[in-house]
Amino acid sequence: MKLNTDVRQLMARKKVVYPTKRSMNLYFKVDRTTASATAALYILLVVAVLLGLGKVMVYDLLAQEKQLESQVAALEQRTTQQLQQLERYDQMLEDYIRSVPTQREQEQADVMELLGLIDTTIRPTAQVSQVAIEDNQVVISFSGVTLAQAAELVVQLEQSPLVSNTQVDTASSTKGAEQVEVHIYFQIAQEESTS
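Computed from a prediction, not measured in an experiment: that's the story for all the values here. (Residues numbered from 1 in each chain as written. Predicted model: local features only at pLDDT ≥ 70, side-chain atom pairs only at ≥ 80, totals over all residues. Heavy atoms only, no water.)

A. Structural context of the environment of S129. With respect to the element layout, S129 can be found in strand β1 (residues 127–134). Residue classification places S129 among the exposed residues on the basis of a relative accessible area of 56%. In sequence terms S129 and I140 are 11 residues apart; their C-alpha atoms lie 7.8 Å from each other. When residues no more than four places from it in sequence are discounted, the contact partners of S129 are S141 and F142. (Helix = DSSP H or I, 4+ residues; strand = E, 2+ residues; numbered from the N terminus. Buried < 20%, exposed > 50% of the residue type's maximum accessible area, 1.4 Å probe, protein only. Contact = heavy atoms within 4.5 Å.)

B. Representation of the pattern of salt bridges in the model. For the coordinates displayed, the defined rule picks out 2 salt bridges. The partner of D60 in a salt bridge is K55, and the shortest N-O contact between them spans 3.2 Å. The exposure class of K55 is partly exposed, given its relative accessible area of 45%. The residue R123 makes a salt bridge to D119 at a minimum N-O spacing of 2.7 Å. The exposure class assigned to R123 is partly exposed, which follows from its relative accessible area of 46%. (Salt bridge = Lys/Arg side-chain N within 4 Å of Asp/Glu carboxyl O.)

Set out below in structure tokens:
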């Protein structure tokens, strides 16, 4: 570092010099556009803006309306078809309820098999007046047989695997001493499930 340097020179800043323009461009272009051409351009601009607004505010709304109308027509047609399918709903529900056994009916023994047993054992020799089956309990009323024949019929019923807990509650005379009316109560034997 130099010792004989003036401190004021170090502190003083240089002036900033900006460039200056020393010549002027005097070229001037004459506007040759006419008022009619300018007016035509402005009119075309206004027409283009109006067409754009017309498309957005009118045409698109009409197209959307037509699309919604077609959707409504399709939904109405579908509703009509479904209503035609549902015309027979009550009859189909009734048929379904009759054809599908309930849980309670599934737990019961086969009623047709039980009626077949009654037809093969009691009906050939006696006149059956009542057969009631409810909750695996059966009541059979029959007449037209003697007391000995009624006992044989009860024994035949007890031999069937469908019958358990047989009880003869009533045996009354209807025509003299020979003819009796018999009421038999028994339970349907439950099938043992094999595991």
